[in-house]
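# Descriptive analysis of the structure
Chain by chain, the residues run as shown.
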Amino acid sequence: MKKIKTDVLIIGAGPVGLFAVFELGQLGIKSCIVDCLDEIGGQCSALYPEKPIYDIPAYPVIRGDELVENLRKQIEPFKPEIFLNQRVDRISKNKDFFEILTSENINLSAKCIIIAAGNGAFGPNKPPLGGLDEYENKTLFYNVRDKSIFEKKSIAIAGGGDSAADWAIELSKKAKKVFFIHRRTNLRAAPNSVEKLYQLEKKKKIEMVIPYQLDSILGSKGKIDKIRLRKTDGNEKLIDVDYFLPFFGLSANLGPIKNWELEIEKNVLKVDKSTCETSKKGIFAIGDICSYPGKLKLILTGFAEAAVAAQNCYKNVFPEKVLHFEYSTTKGITKLT
Ligand code: FAD
């Protein structure tokens with residue numbers, strides 16, 4: 001088990017969690033971030049990277065992905081360790097430190113925790129089939145981390161959106177065969193991607209298996225042999241595949257946060273507005289996950305909460321020191337030791 005020690009652990013690498021690294025860093029506080037997605041940016045990256053945002057102060061317009069990139073640059077001087085593809089599952093208190101365990105078995109200890117978990121941990125929407133866990137991360141994947149494993153293999157890709165279409169086009173370059181499965185004849189993916197899929201079908205690189213529904217996976221010991229598909233009229237089709245990639249989008253779930261004995265109301269954590277502290281001392285909540293009278297679920301509100309929480313973490317991290325409020329224009333960018 002990997003062990004990491006830091007001053008503050010931030011749960012969630014959305015825009016608000018990222019900005020918290022900056023606010024903490026400016027006070028000389030080290031932080032780490034954990035997020036279950038495979039990239040930083042939370043909702044901005046996962047749900048609307050190409051959408052323009054109009055209410056970020058001093059940016060008349062900025063795209064979701066540009067905002068995330070700017071935040072990444074802004075926190076670079078503080079060199080935060082960012083642990084992606086893993087969920088914070090457990091937190092507990094051990095004398096002066098919180099102990100945090102992630103789903104990838106990383107054990108972090110921190111003097112404070114800032115929960116910037118948005119609407120909860122993002123995870124893939126799974127197809128409604130039995131026995132998925134037998135194949136998950138062996139021959140069934142909800143995202144692609146290593147394209148090379150698909151070389152000269154038969155792959156079934158299910159879904160009708162951009163991820164399904166983009167990966168079918170990309171993987172068809174090296175795969176033996178790609179089956180593109182969707183239950184409707186209309187695809188939600190960008191029209192030029194859909195056109196490309198049908199061009200690749202003519203070249204026998206992709207087989208469009210449409211309109212078919214997933215019925216079951218046949219295989220054993222983590223190895224998929226075939227996928228059974230069914231049409232609405234009951235017609236059945238069996239396809240031979242090595243890998244299965246279902247792309248049915250993401251959804252957020254509070255999940256483990258519900259077990260941390262924090263005061264929760266309507267799926268958000270109640271905090272004291274003046275400190276952003278939750279019902280447990282040393283655990284703060286900011287951004288969409290927190291609630292207080294008059295709370296607005298906006299990025300700019302979350303940024304201000306990050307500053308408030310950072311100032312209040314200071315007392316826990318440096319109990320012997322007194323914090324003197326300073327502007328960034330006066331002290332510049334703080335150097336962490
Ligand atoms: P999020 O962005 O939700 O990030 C939270 C992160 O925490 C996620 O990545 C999640 O995977 C992770 N996480 C949660 N639990 C765990 C766990 N246990 N372990 C590990 N990781 C975990 N706001 C505006 O201000 N202006 C706009 O114009 C605007 N437009 C929007 C348009 C759309 C389509 C949507 C969906 C939202 C929009 N918003 C807008 C809202 C804005 O995106 C949110 O307010 C903002 O993303 C909240 O940031 P956050 O960092 O609090 O949470």
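Residues numbered from 1 in each chain as written. Predicted model: local features only at pLDDT ≥ 70, side-chain atom pairs only at ≥ 80, totals over all residues. Heavy atoms only, no water.

### What to know about the site of the ligand
Lining the immediate surroundings of the ligand are 30 residues, of which Asp35, Gln43, Tyr48, Val88 and Asp288 lie closest. A distance of 2.7 Å separates an oxygen atom of the ligand from a polar side-chain atom of Asp35. Between the ligand and Gln43, the relevant distance is 2.8 Å, taken from an oxygen atom to a side-chain nitrogen or oxygen of the residue. Within the complex, 87% of the 1000 Å² of free accessible area of the ligand lies under protein. Contributions of two or more residues to the shell around the ligand are made by helix H1 (15-26), helix H2 (42-46) and strand S9 (121-124). At 3 residues, H1 tops the list of elements feeding residues into the shell around the ligand. Partitioning the shell around the ligand into residue classes produces 16 nonpolar, 9 polar and 5 charged. (Near = heavy atom within 4 Å. Polar contact = N/O pair within 3.5 Å; in protein donor to acceptor, adjacent residues only side chain to side chain. Areas by Shrake-Rupley, 256 points an atom, 1.4 Å probe, with all protein chains shown as cover. Helix = DSSP H or I, 4+ residues; strand = E, 2+ residues; numbered from the N terminus. Nonpolar A, V, L, I, M, F, W, Y, C, P; charged D, E, K, R; others polar.)

### Observations concerning the domain arrangement of the chain
Taken domain by domain, the chain consists of domain 1 (2-123 + 250-331) and domain 2 (126-246). Placing the centre of domain 1 and that of domain 2 at their C-alpha centroids yields a distance of 36 Å. (Domains from an automatic or database assignment.)

### Quick look at the layout of surface pockets
In this structure, the largest pocket encloses a volume near 1800 Å³. At the level of secondary structure, the elements contributing two or more residues to the lining of the largest pocket comprise H2, S9, helix H4 (162-171) and strand S17 (250-253). Looking at the lining of the largest pocket, the element that brings in the most residues is H4, giving 5 residues. Looking at the lining of the largest pocket residue by residue, the class counts come to 20 nonpolar, 13 polar and 13 charged. Residue-level mapping places the lining of the largest pocket at the junction of two domains, with at least three residues from each of domain 1 (2-123 + 250-331) and domain 2 (126-246). Roughly 440 Å³ of volume is contained in the second largest pocket. For the second largest pocket, the lining is made up of 36 residues, of which Gly14, Ala116, Ala117, Gly118 and Asn119 are closest to its centre. Broken down by class, the residue content of the lining of the second largest pocket amounts to 21 nonpolar, 11 polar and 4 charged. (1 Å grid on protein atoms, 1.4 Å probe; cavity = no way out; pocket = protein on both sides within 12 Å on 5 of 7 lines; lining within 4 Å. Points joined across faces, edges and corners; volume = space filled by probe spheres on them.)

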